[in-house]
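Residue-level structure breakdown
Letter by letter, the chains look like this.
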Amino acid sequence: MKSSMKFAIALGIGLTTASLVNAQTKERTVTRLFWQDASDQSLKTGDLKRGATWKLEPTTVAGFPQLDADKQSHVQMRLADGILLAGIHDTEDGEFQSGWVAIDSGVTKDTHGNHAHWHYAEAPRVLASRLDDQQGNPAHVYLYESTFYLANDKKNGFTVVEPAVLRTAKSPRVSEADQFVSAGGGHITLAAVAGRVAYATWIDREGENLGRVDVVGIGSNAGKRYHFHLPSGGLHGATTNSGKIFFAPTDGVCWVAADMELSQLAADVDVNHISLGEDKQGDPKRTGAFANSGNHVLFTVGRSTNPELCMLDAASPKPGLMKLALDVAEANTIATPVAVQSRTGERFALLFEESRSGEQPEKLHVVALDPNRDGSYEDAELKSLLTIGRSSIEGHSGHHEATAISRSFVAISNPGDGTISIVSTRDWTVQTTLRVGGTPTRLLAVGG
């Protein structure tokens, strides 16, 4: 009797163990990845699968335009409602072919209470595109409240693209898919709020447009507009958070309260300035791009000399500057932070340390933004430091990029190695590095 019971217990343990092994080795799709390949300016995709091993089989997105790698290049791409919008730049000031391409990811989502199921049955397809000599060479692509905005530098304005309209497109080129708004000048950066108001910057460092910001109505506010000036020019960077608009001029950071109804006059705009200190030459420090993490705005200063991660609590009536010094090898540079959350809701900033010369190791700095979870980032600290693959920097291209895969994993591109690495947000270790070939740069994950 005792022997029979022992056998039954052993059999049960064996079946349980076998079930666990089967569960762990059964292959499933974790997410669908899209990445720009700088080697031939194509757009690649592949379903990331996990079983006994990780798998990723890259393929080119069907129907994506064949770009001239000598004259055209990708700029940023964004994701909204399962649609990717990729900006295309040309080397001839927009007089060759620039514009945008929209892709349906083919990923659908079923929501069930507190969780969702993702389906990857459909292949990605091009929904609509606009590539010609009239698009003003967009250099930035933004996403605000699930609406795309492209900065058309050579046209002194921006284009609004609605995902809902893209889904109804019946041809690969449709005039109703986008709307051009005249605002901003030169190398334009942009912040938009609730589809009602947009703030577009001018790049000028001198003259009548130094520090100029155009405030324009969109949606129900269309037709309203005015402009004001910041105390310094060279504007390169804008974002919105907690009812405020933040700008990156040559001196520090400036912010204003969002004018949702465009009811102010230029003279009424209260411009607030936050100093970032001075460099060794006595010049004011500046930044060039922002990221948002909850109600905080993140950015870096001193990219290659005494770099720091900076944080502003946008929800505060008077946001104060918080800094964390970063230890970066000489001649290496630190990139704009990427904000992610872990499975347990912890907030992190990912910062790539890159080497243009290829002589120094390249690393990923993982900063825990709020270790004690009190809502303040004053206690931000370095959580982990990973050695990663190589970049392949040429102009604005060839940098590493990261994209969150749900809250369990992050995918990072290694352009110089032709690989994509998967990093766990639980312990910040590299789970696998997958060879995809080419020069993978900007990437996005859909589903997971």
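Calculation criteria
In every chain, residue numbers begin from 1 and rise along the written sequence. With the structure being a predicted model, the display of local features is reserved for residues of pLDDT at least 70 and the display and counting of side-chain atom pairs for 80 or more, all residues being used for whole-chain, interface and lining totals. Side-chain numbers come from the whole structure's heavy atoms, not from hydrogens or water. Runs of E in the DSSP output that reach at least two residues are strands. Runs of H or I that reach at least four are helices, and both are numbered from the N terminus. C-alpha atoms define the radius of gyration, and 2.2 Å times the number of residues to the power 0.38 defines the globule rule. Each residue is placed in one exposure class: buried if its accessible area under a 1.4 Å probe, protein chains only, is under 20% of its type's maximum, exposed if it is over 50%, and partly exposed if it falls in between. Contacts are assigned to residue pairs that have any heavy atoms within 4.5 Å of one another. Accessible surface is estimated by sampling points in the Shrake-Rupley manner with a 1.4 Å probe; for residues, cover comes only from the protein chains shown. His residues and chain termini do not enter the charge count, which takes Lys and Arg as positive and Asp and Glu as negative. Where a charge sits is defined by one atom per residue type, namely NZ (Lys), CZ (Arg), CG (Asp) or CD (Glu). Confidence scores here are pLDDT values: one per residue, from the predictor, ranging 0 to 100. Salt-bridge detection follows one rule: a side-chain nitrogen of Lys or Arg within 4 Å of a carboxyl oxygen of Asp or Glu.

Here we look at the overall build of the protein
- On a plain count of helices and strands, the protein comes out with 2 helices and 36 strands.
- Relative to the compact-globule value of 22 Å for 448 residues, the protein shows a C-alpha radius of gyration of 24 Å, a close match.
- Referenced to the eigenvectors of the C-alpha coordinate spread, the extents of the protein come out at roughly 95 × 50 × 45 Å.
- Here the protein, with 448 residues, has 50% of them falling under the buried criterion.
- Pairs at least 24 residues apart make up 50% of the contacts formed inside the protein by residues separated by at least 6 positions.
- Of the accessible surface of the protein, which amounts to about 20300 Å², a share of 48% is contributed by carbon and sulfur atoms.
- Considering the protein, the positive charge centre built from 42 side chains and the negative charge centre built from 52 side chains are found 9 Å apart.

Things to note about the confidence of the model for the protein
- Per-residue confidence for the protein gives a mean pLDDT of 92, with 93% of residues at or over 70.
- Low confidence marks residues 7-11, where pLDDT is under 50. Its contacts with residues over four positions away, or in another chain, come to 0 contacts.
- In this model residues 17-23 is a low-confidence stretch, pLDDT under 50, and it forms 0 contacts with partners more than four residues away in sequence or in other chains.

What to know about unusual backbone geometry
- With a phi angle near 45°, E145 is a residue other than glycine that sits in the positive phi range.
- In this structure, E145 sits in the loop between β11 (140-144) and β12 (147-152).
- In this structure, L262 takes a positive phi of about 50° despite not being glycine.
- Within the secondary structure layout, L262 lies in the loop between β21 (253-257) and β22 (272-274).
- L262 gets classed as buried once you look at its relative accessible area, which sits at 10%.

Details of the pattern of salt bridges
- One pass over the structure, following the stated rule, counts 15 salt bridges.
- Residue D178 pairs with R130 through a salt bridge whose shortest N-O separation is 2.7 Å. With D178 in strand β14 (residues 178-182) and R130 in strand β10 (residues 125-132), this residue pair connects regions lying 48 residues apart in the sequence.
- For R130, a relative accessible area of 12% translates into the label buried.
- Linked through salt bridges whose partners overlap, the residues forming this network are D104, R125 and R167.

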